[in-house]
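# Inside the fold
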4 protein chains.
Amino acid sequence: MTERKVLKPKPNAKVQITADIACGEGQPLWIVAGPCAVEGASQLEATAQALLQNGVSSLRGGAFKPRTSPYTFQGMGEEGLQLLDGIRQNHQIAVVTEVMAIEQIEVVSQHADVIQVGSRNMQNFSLLKALGELDKPILLKRGLASTLDEFLWAAEYILAGGNDKVILCERGIRSFDPETRNVLDLGGVAVLKEKTHLPVIVDPSHAAGRRDIITALSRAAIAVGADGLIVEIHPNPQASVSDAAQALSLDDFTALMTSLDPIAQAMGRSLRQPALVKA
Amino acid sequence: MTERKVLKPKPNAKVQITADIACGEGQPLWIVAGPCAVEGASQLEATAQALLQNGVSSLRGGAFKPRTSPYTFQGMGEEGLQLLDGIRQNHQIAVVTEVMAIEQIEVVSQHADVIQVGSRNMQNFSLLKALGELDKPILLKRGLASTLDEFLWAAEYILAGGNDKVILCERGIRSFDPETRNVLDLGGVAVLKEKTHLPVIVDPSHAAGRRDIITALSRAAIAVGADGLIVEIHPNPQASVSDAAQALSLDDFTALMTSLDPIAQAMGRSLRQPALVKA
Amino acid sequence: MTERKVLKPKPNAKVQITADIACGEGQPLWIVAGPCAVEGASQLEATAQALLQNGVSSLRGGAFKPRTSPYTFQGMGEEGLQLLDGIRQNHQIAVVTEVMAIEQIEVVSQHADVIQVGSRNMQNFSLLKALGELDKPILLKRGLASTLDEFLWAAEYILAGGNDKVILCERGIRSFDPETRNVLDLGGVAVLKEKTHLPVIVDPSHAAGRRDIITALSRAAIAVGADGLIVEIHPNPQASVSDAAQALSLDDFTALMTSLDPIAQAMGRSLRQPALVKA
Amino acid sequence: MTERKVLKPKPNAKVQITADIACGEGQPLWIVAGPCAVEGASQLEATAQALLQNGVSSLRGGAFKPRTSPYTFQGMGEEGLQLLDGIRQNHQIAVVTEVMAIEQIEVVSQHADVIQVGSRNMQNFSLLKALGELDKPILLKRGLASTLDEFLWAAEYILAGGNDKVILCERGIRSFDPETRNVLDLGGVAVLKEKTHLPVIVDPSHAAGRRDIITALSRAAIAVGADGLIVEIHPNPQASVSDAAQALSLDDFTALMTSLDPIAQAMGRSLRQPALVKA
């Protein structure tokens, strides 16, 4: 039987995202924030300013959007990618965005630093195989009801193809209580950190599905040992075309970062990139 | 808001599979059986004989296989499709097989009567959109932890593209008890039959993950009102390359059909196609 | 290690409920119907008439009610038991009612033929031990999220005490889809029938939590091999003090029985007690 | 409709456990540790020494044990209570222990400072009502698959009776991945802290079911805002009569406390009671 590459111990493994940014054990926390979907230039510019003011290096934003219904907004597509790329060029901010199909890989690769695979595609094995042939970081989100072992096998598909730049993301699993959208499995994060050298980050926004507990979950994620966070923020959450209930405002985001400072410090990890901070 | 086509009442709707076979309300039960994966010509030929002896019209078999690990058998691919097509030509048996990626749609369409979308791809929206452009029956399996509403929305992606030949398949949802591989949600089947005119069939094999309760679950599926069954059978289950624990032997299959006869009759539905029966 | 009594094969085991009624393999189906809670004499009398007209032998009705909130109706208590006993005496109908605490066992034993342990008390081990000392049939409902093995161990507590008159009841397990109140685990029923000689019945009402799929689930339960059903019915469902959404009207109940006739026949089991039928 | 007492805002509410110890918002973290089951005097004495060395004030230990099987060790009963009481008298350590039945309340009240209601009894409403009549702190554990709302209603049963000294305990909910025994729902803790003034603590041991992630989960629990922890420790975990896989050794416990210091500090809460520390 072939050895599982994800389980191979690699001390101090990290995934290099840009020349300045890396994610992994012993690295600064990798904080990614931004809207669910790219909606326009001013939305992205306002978000980027909030990132810079908080010393945050990476922007998320969906151009191709997986939506439950075929009749809702499906994303701005290539135009959205170009808007993201504008931010990337102007502000030295890394861009994380999703691919939903093999056909989109080429164009997304041109405009993004990190390619995200969404929960619904975690076992889209054809897509994973195609991403295994890239030399680009992949952010792989855990499936809605995937076991940790299935999650690691999905990552293995990418590593088996030759691309070892995989970052895992826990985003909540489906459960019975309608009180939260999903249940954030921080025990799962702890288990992953024991099993694999791959970096593991946490998405508190999709786990909660509600704004009021995102700060608490973010603190818990850092304390459990996650290597970073990916958070939904929006200049005007109420006007967000998707996931409005869970997006933080830009002021909320600043408050979140302030709340995380002592926890990051307690864990011995930097939270902000001072070089980036803009007055 | 656009009207949901899956909810539109269409009395006596059915999906025509071949000139002789249809699936839906008021139609004979649509029984599909065959191996998890196509392994060779003799395996398929033996299976086809068992189908014919039982008056069963449709063969399942995977040529492209979604597998948890990248290091296990991934299916025979196009060669497997050609073997399936041989059975189809020689025995007038309809063929059901899976696509995992847009790239495979064309070749699968040439060799199969029904294209299956697996549970892991239920929300692979790019794939669903591409299948919406075909004029070919699609067997859509419910995701591992998909709500019934998400399931219907996934079907809507196909209908929205213009292809209304969608058959839904309940195959068990993930739960906490290791006793069975999944929990077959027959209440879900009953709800689907209330909500949509699309045919609904049941896969007891993946629900159970064990041979000993497949007959009982098949009887229950018919009694709850399902329009058909898709069952894993194999000439030599112990030697099956995948899902060995849940495949029925060909003799088991004959016993299964015998056990189903009175229930089908009680539900007023034919189970077998006499024209097909081979001595 | 002590041998598990629930696993000891006992061919044709049955639980004798009254001189005329038994539940188990090879016995007529044991059908129990009645309101969630006893509300008054006229409610019970009307229900009893519906049972008799359908040849059904056993009445359910709660006198002590486990309620999520302490501020809702907690049952009529001993007065409710006396009302049940009236029906029992006047109509030769067996009575099934719940105990919630050891203190209630004595009085419930005087008025009921079968003592029910509710889902929330499935692992109330002190209660189970006390019931093990009785010589009275116990209807043990599966916990909301209990594994089948835990369910069998709970029964073992009763058998270990010397009372082997235990009937198991599957009533749905908790899951993620709000479409139904619970998910009826008929695969679990099939597994139980393989593992234990104890009779297994099904409660479609609590599984569904909605009236429209109870008939379909009841058919499926009989087809999977259950030894009986326990169903919520009410002379005026809308006015029911609890579980209004899932109670069948008395006419619905008659229709349910008619729908079950062919399935029971297909399974070779009698559904009605002709001796009981009242014009 | 009666107002829900658990939802009534009570700023700085706390539950007083002994003259020196309280649990709640603005209080020091309430740390409870000890064995799953009381096994003997030397086990408790060694554990107490470990508590004192770490400035921990409260000992857990089961005398009446809810066990899945009736044939496994059911606890030392009253003898176990007396052993716990010895520790309590000699070391000024508060004792937390479980009641499983109304009959046990009186004797447990005599020997313990806090009465625990286990997960399996969370909706044992008769027991909850009886505890509502006491003037004694109750540690109420969340049911295996209880919603947060059901959890709060269970607490309401106790408050409705007049006892407002209720501490809630999240201990993991049942889910599909065998990797951990349960899934710790820290989002649930955050929601509870928003909804109720009752203190909320976390049991990482039963959530994890494995030793290696308990420290990480404990850090996360404090960071999410829990008011305390209850942890299984044992002088010789391998020899523990129950829950051996999840008990920390006494050295592990010291390491756990050291790991928690910076997180507690980051949250502005004291972790240890200096007055208690024994060289």
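Each chain has its residues counted from 1, running along the sequence as written. The naming scheme follows written order: chains are lettered A onward, ligands numbered 1 onward. The predicted origin of the model limits local features to residues at a pLDDT of at least 70 and limits the giving and counting of side-chain atom pairs to 80 or more, whereas totals for whole chains, interfaces and linings rest on all residues. Based on all heavy atoms of the structure, the side-chain values leave hydrogens and waters out of the count.

Time to look at the overall build of chain A. Helices and strands together make up the secondary structure of chain A, namely 9 helices and 10 strands. Scaling as 2.2 N^0.38, a compact globule of 279 residues should have a C-alpha radius of gyration of about 19 Å, and chain A matches this with 17 Å. By definition, residues are in contact when any of their heavy atoms lie within 4.5 Å. Put simply, 70% of the contacts in chain A that link residues at least 6 apart link residues at least 24 apart. As presented, chain A carries roughly 8900 Å² of accessible surface, and 48% of it is formed by carbon and sulfur atoms. In summary, the charge assignment counts Lys and Arg as positive and Asp and Glu as negative, without counting His or the chain termini. Each charge is placed at NZ for Lys, CZ for Arg, CG for Asp and CD for Glu. Each charge class in chain A was averaged separately, 26 positive and 31 negative side chains, and the resulting centres sit 3 Å apart. Helical segments are the DSSP runs of H or I of at least four residues, strand segments are the runs of E of at least two, and each set is numbered from the N terminus. Throughout, radius of gyration means the C-alpha value; the globule benchmark is 2.2 Å times the number of residues raised to the power 0.38. Using a 1.4 Å probe, the Shrake-Rupley method yields the accessible areas, and only the shown protein chains count as cover for residues.

What follows deals with the interface of chain A and chain D. It is common to report an interface's size as the accessible area lost on association of the parts. At the junction of the two partners, chain A supplies 35 residues and chain D supplies 35 residues. Summed over both partners, the accessible area (1.4 Å probe) lost when two parts come together is defined as the buried area. Here chain A packs against chain D, burying approximately 2700 Å² in sum over the two surfaces, 68% of which is carbon and sulfur. Here, a salt bridge means any Lys or Arg side-chain nitrogen found within 4 Å of an Asp or Glu carboxyl oxygen. Connecting chain A to chain D are 4 salt bridges. Among the salt bridges present, the one from glutamate 179 of chain D reaches lysine 195 of chain A, with a minimum N-O distance of 3.1 Å. Residues adjacent in sequence count toward polar contacts only when both atoms are side-chain atoms; beyond that, a polar contact is any pair of N or O atoms within 3.5 Å, and within protein one must be able to donate a hydrogen and the other to accept it. Joining chain A to chain D, the criterion identifies 6 residue pairs in polar contact (both at pLDDT 80 or more). Among the elements of the structure, α6 (186-195), α8 (214-224) and α9 (250-266) of chain A are those that each provide at least two residues to the side of chain A that touches chain D. Side-chain classes are defined by residue name, with Ala, Val, Leu, Ile, Met, Phe, Trp, Tyr, Cys and Pro counting as nonpolar, Asp, Glu, Lys and Arg as charged, and the others, Gly among them, as polar. Taken together, the residues of the side of chain A that touches chain D sort by class into 19 nonpolar, 6 polar and 10 charged.

To go from the first copy of the chain to the second, apply a rotation about an axis and then a shift along the same axis. Overlaid copies result from least-squares superposition on C-alpha atoms, with residues included only where pLDDT is at least 70 in both. Placing chain A over chain D gives an RMSD of 0.0 Å and needs a rotation angle of 180°, together with 0.0 Å of translation along the axis. What the superposition gives is, in effect, a two-fold axis relating one chain to the other. Among all residues of chain A, the one whose C-alpha sits closest to the rotation axis is alanine 220 of chain A, at a distance of 2.1 Å. Looking at the interface residues of chain A, 100% of them are also at the interface in chain D, so both copies use one shared face.

The subject of this paragraph is the pattern of salt bridges. Taken as a whole and judged by the stated rule, the model has 72 salt bridges over all chains. A salt bridge links aspartate 227 of chain D to arginine 269 of chain D; the nearest nitrogen and oxygen atoms lie 3.0 Å apart. Of this pair, aspartate 227 of chain D sits in the loop between α8 (214-224) and β10 (228-232) while arginine 269 of chain D sits in the segment after α9 (250-266), and the two are 42 residues apart along the sequence. Here the salt bridges share partners, and the residues they tie into one network are Glu25, Lys193, Asp227 and Arg269 of chain A.

With that out of the way, let us pick up the layout of surface pockets. A 1.4 Å probe that fits into a set of points on a 1 Å grid over the protein atoms alone but cannot get out defines a cavity; an open set with protein on both sides within 12 Å along at least five of seven lines defines a pocket, and lining residues are those with an atom within 4 Å of a point. Grid points are joined across faces, edges and corners, and a volume is the space filled by probe spheres set on the points. Its volume calculated, the largest pocket comes out at about 1200 Å³. The wall of the largest pocket is formed by 47 residues, among which Glu150 of chain A together with Arg120, Arg174, Arg181 and Asn182 of chain B lie closest to the centre. Of the residues assigned to the lining of the largest pocket, the class counts are 10 nonpolar, 18 polar and 19 charged.

Before going further, it helps to examine the pairing of strand β6 (residues 114-117) of chain B. All names here are of chain B. Alternating positions in β6 separate into two faces, Val114 and Gln116 on one and Ile115 and Val117 on the other, with burial throughout. Pairing between strand β5 (residues 94-99) and β6: 4 bridges, direction parallel. Among the inter-strand pairings, valine 99 is bridged to a residue of β6, identified as valine 117. Note: β6 against strand β7 (residues 138-141), 3 bridges, orientation parallel. Note that in β7 the partner of valine 117 across the bridge is leucine 140. Classification remark: right-handed applies to a crossover when, strands pointing away from the viewer, the course from the first strand over the helix to the second runs clockwise. On the question of chirality, the crossover connecting β6 to the parallel β7 by way of helix α4 (residues 125-131) is right-handed. Only protein chains enter the accessibility calculation, which uses a 1.4 Å probe. A residue is then buried if its area is under 20% of the maximum for its type, exposed if over 50%, and partly exposed in between. Strands were regarded as paired on the criterion that DSSP finds at least two bridges between them.

A few words now on the confidence of the model for chain A. On average, residues of chain A score 95 in pLDDT, and 99% of them are at 70 or above. The ipTM value of the predicted complex is 0.96, and its pTM value is 0.97. What pLDDT reports is the predictor's confidence in each residue, on a scale of 0 through 100.

Okay, the state of the cysteines next. Throughout, a disulfide means two cysteine sulfur atoms within 2.5 Å of one another. In total, this model carries 0 disulfides over all chains according to the counting rule given. In this structure cysteine 169 of chain C is a free cysteine whose sulfur lies 10.0 Å from that of cysteine 23 of chain C, the closest cysteine sulfur available. Here cysteine 36 of chain D is not cross-linked by a disulfide; its sulfur's nearest cysteine counterpart is in cysteine 169 of chain D, at 13 Å. For cysteine 36 of chain D, a relative accessible area of 6% puts it in the buried group.

Take α9 of chain A next. Helix span is expected to be 1.5 Å times the residue number reduced by one. Here α9 of chain A is 17 residues long and its end C-alpha atoms lie 25 Å apart, about the 24 Å a rise of 1.5 Å per residue gives. Bending is quantified residue by residue as the angle between axes fitted to the seven-residue window ending at that residue and the seven-residue window starting at it. The largest bend along α9 of chain A measures about 35° and falls at leucine 260 of chain A, with the proline proline 262 of chain A one to four residues further on. Leu250, Phe253, Leu256, Met257, Ser259, Leu260, Ile263 and Ala264 of chain A are the residues of α9 of chain A that are buried. Buried residues in α9 of chain A make contact with β3 (30-34), α1 (41-53), α8 and β10 (228-232) of chain A together with α8 and α9 of chain D.

Residue and element names in this part refer to chain D. One can find serine 240 in the loop between β10 and α9. Using a relative accessible area of 10% as the deciding quantity, one classes serine 240 as buried. When neighbours within four sequence positions are excluded, serine 240 is seen to be in contact with Glu39 and His234.

This brings us to unusual backbone geometry. Non-glycine residue glutamine 92 of chain A carries a positive phi angle of around 55°. Summarising the element assignment, glutamine 92 of chain A is placed in the loop between α2 (78-91) and β5 (94-98).

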